[in-house]
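Residue-level listing of the chains:
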Amino acid sequence: MPPELEQSSHERLLTLLCDMPKAELHIHIEGSLEPELIFALAQRNGVSLAYPSVGALRAAYAFSDLQSFLDIYYAGASVLLHEADFYEMAMAYFRRAAADHVVHAELFFDPQTHTERGVPIEVVVNGLVRACEAAEAEFGITSLLILCFLRHLSEEAAFDTLDQALPSIEAHRDRLVGVGLDSSERGHPPEKFARVYARCRELGLRLVAHAGEEGPPAYIWSALDVLKVERIDHGVRCVEDPALVARLAAERVPLTVCPLSNVKLRVFDTLAQHNLARLLELGLCATVNSDDPAYFGGYINQNFVATFEALPALTAAHAYTLARNSFEASFASTTQKTRWMHALDAHFAQG
Ligand code: ADE
Ligand code: ZN
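First things first, this report covers the structure right here in the doc.

What counts, and where the lines are drawn
Residues numbered from 1 in each chain as written. Chains lettered and ligands numbered in written order. Predicted model: local features only at pLDDT ≥ 70, side-chain atom pairs only at ≥ 80, totals over all residues. Heavy atoms only, no water. Donors = N, O, S within 2.8 Å, 3.2 Å for Na, K, Ca; no water. Tetrahedral: all angles 85-135°; square planar, octahedral: opposite > 155°, others 65-115°. Helix = DSSP H or I, 4+ residues; strand = E, 2+ residues; numbered from the N terminus. Buried < 20%, exposed > 50% of the residue type's maximum accessible area, 1.4 Å probe, protein only. Phe/Tyr/Trp six-rings, centres within 6.5 Å; stacked < 30°, edge-to-face > 60°. Lys NZ or Arg CZ within 6 Å of the ring centre and 35° of its normal. Expected span 1.5 Å × (residues − 1). Contact = heavy atoms within 4.5 Å. Polar contact = N/O pair within 3.5 Å; in protein donor to acceptor, adjacent residues only side chain to side chain. Near = heavy atom within 4 Å. Areas by Shrake-Rupley, 256 points an atom, 1.4 Å probe, with all protein chains shown as cover. Nonpolar A, V, L, I, M, F, W, Y, C, P; charged D, E, K, R; others polar. Disulfide = S-S within 2.5 Å. Axes fitted to C-alpha atoms, helices over the stretch in contact; angles between N-to-C directions. Parallel < 35°, antiparallel > 145°, perpendicular 65-115°, else oblique. Left-handed = near helix turned anticlockwise from the far one by under 90°. Arc of directions from axis to C-beta.

**Some words on the coordination of the zinc ion (ligand 2)**
- Note on the zinc ion (ligand 2): its protein donors are His 26 (NE2), His 28 (NE2), His 210 (NE2) and Asp 291 (OD). The metal-donor distances range over 2.0 to 2.2 Å.
- Classification of the site at the zinc ion (ligand 2) as irregular follows from its four donor atoms and the range of 81 to 173 degrees in their angles at the metal.
- Taken in sequence order, the residues that donate to the zinc ion (ligand 2) follow the motif H-x1-H-x181-H-x80-D. Of this pair, His 210 sits in strand S5 (residues 206-211) while Asp 291 sits in the loop between strand S8 (286-288) and helix H14 (293-296); the two residues are 81 residues apart in sequence, bridging distant segments of the chain. The same class applies to His 210 and to Asp 291, which are both buried.

Spelled out as structure tokens, the structure:
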């Protein structure tokens, strides 16, 4: 091959990151709502927005912290009213995920953002379930749903949401497999939701929670010990506590890390300062995810590429580990995980 057509090893690494099969485990489906779709749905549903144009809305995406983002994120979600809206939103995500070689996705959704506006939980779940089925048929992506409780609301409100969700959980047992905890972290420790998580555990639901994004390592401890979660969403602040790192590594508790989100929400000033490479060095089961891709400047492959470009310590071996971790950490069956890991091995063997 003429030298000008040869890919440099750096370009080969970027190609590998983009083409390797992977799972996405930390994506808020409402955070995949692009401004264009927000405006189209606002018009279709007669919802008025505080922004005059797509450009004005996009220009407002300059966040100083988690709360400044959440204010705009909840405003964006206000255009979602009908089953078709949830279906379209999720299909738009799956289309992009398929292009990024995502073979499996576990989607968070925030029912309280919708039920508070009078949208029944069944409308939300049915739209999302239909999209999950269509995504498998159209793109070959498998997917699961995780219902998140908003931690700025009360535990009583979470119990009420769980009650409302029970018929949907019953109807879609193999799809709606777990619960999570999101929204404003500071001042809302995991233990606030101890009882509702205990109930979810009794119901056989899988458990995850956001912890250690803006909140202290103590929130990661209590997510593990009080809520008994199986995965920590974000968790990047664990490095402040060596005993916690040792526990997470020994128990292989997965961390669903979201690098572009962390920079946009000022958890790290720059990607070059991100601790993803450090987390891997410490032997933690870290994964790369997009969080709220429409708001944070990129879907999963953009997270991989931008982070590897910013952190030269990251190599093809780390790419393999991150993809493998994503399968290991998923809530799919062991058979399915093994199949994905073999496909990943084959991809790296030929690359
Ligand atoms: N809801 C949507 N994105 C979130 C994030 N990054 N942290 C907490 N809650 C969220
Ligand atoms: Zn999140």
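**Focus: the packing of aromatic side chains**
- Using the criterion set out here, one finds 14 aromatic pairs in the structure.
- Look at Phe 304 and Phe 308: their rings are 6.4 Å apart centre to centre, the planes differ by 45 degrees, and that puts the pair in the tilted class. Taken together, the residues Phe 304 and Phe 308, both in helix H15 (residues 300-310) and four residues apart, mark about one turn of the helix. As far as the burial class goes, Phe 304 and Phe 308 line up, both buried.
- With a centroid separation of 5.2 Å and an interplanar angle of 80 degrees, the aromatic rings of Tyr 320 and Phe 348 are classed as edge-to-face. Here the residue Tyr 320 occupies a position in helix H16 (residues 316-328), and Phe 348 occupies one in helix H17 (residues 334-350), the gap between them amounting to 28 residues.
- Following the ring pairs from residue to residue traces out a cluster consisting of Tyr 61, Phe 63, Phe 69, Tyr 73, Tyr 74, Tyr 295 and Phe 296.
- Above the ring of Tyr 87, the side-chain terminus of Arg 130 is found at 4.4 Å from the ring centroid.
- Above the ring of Phe 331, the side-chain terminus of Arg 231 is found at 4.1 Å from the ring centroid.

**Focus on helix H4 (residues 66-77)**
- Here H4 spans 16 Å end to end across 12 residues, near enough to the 16 Å set by a 1.5 Å rise per residue.
- Tucked inside the fold, the buried residues of H4 contact strand S1 (22-28), helix H2 (35-45), helix H3 (54-59), helix H6 (111-115), strand S3 (142-150) and H14.
- For H4, the N-terminal cap is Asp 65; the gap from its side-chain oxygen to the backbone nitrogen of Gln 67 is 3.3 Å.

**Details of the site of ligand 1**
- Taken together, His 28, Leu 66, Phe 69, Leu 70, Tyr 73, Asp 182, Ser 183, His 210, Glu 213, His 234, Asp 291 and Asp 292 make up the full set of residues adjacent to ligand 1.
- Residue His 234 places a side-chain N or O atom 3.5 Å away from a nitrogen atom belonging to ligand 1.
- One nitrogen or oxygen atom from the side chain of Asp 291 is found 2.7 Å from a nitrogen atom belonging to ligand 1.
- If ligand 1 stood free it would expose 260 Å²; the protein chains cover 100% of that surface.
- Of the residues forming the shell around ligand 1, the biggest block, four residues, is contributed by H4.
- Class assignment for the residues of the shell around ligand 1 results in four nonpolar, four polar and four charged.

**What about the state of the cysteines?**
- Under the criterion given, the structure shown has zero disulfides.
- Note on Cys 258: no disulfide assigned, nearest cysteine sulfur contributed by Cys 148 at a separation of 12 Å.

**Focus on the packing of helix H7 (residues 121-139) against helix H8 (residues 155-171)**
- One can describe the packing of H7 onto H8 by two numbers: an axis separation of 9 Å at closest approach and a directional angle of 45 degrees. Viewed along their axes, H7 and H8 adopt a mutual orientation that is oblique. At the point where H7 passes H8, the crossing takes the right-handed sense. From H7, Ile 121, Glu 122 and Val 125 reach across to H8, where they touch Thr 161, Gln 164, Ala 165 and Ser 168.
- Grouping the constituent residues of the contact of H7 with H8 by class yields three nonpolar, three polar and one charged.

**Description of helix H9 (residues 194-202)**
- Taken residue by residue, H9 has Val 196, Tyr 197 and Cys 200 as its buried positions. Mapping the buried residues of H9 onto a view down its axis gives an arc of 100 degrees, with all of them on the same face. In H9, the exposed positions that point more than 90 degrees away from the buried face belong to Arg 195 and Glu 202.
- Close packing links the buried residues of H9 with S3, H8, strand S4 (176-182), S5 and helix H10 (217-227).
- One or two positions beyond H9, positive phi appears at Gly 204, with a value near 85 degrees.

Fair warning: the whole summary comes from geometry, so function is off the table for now.
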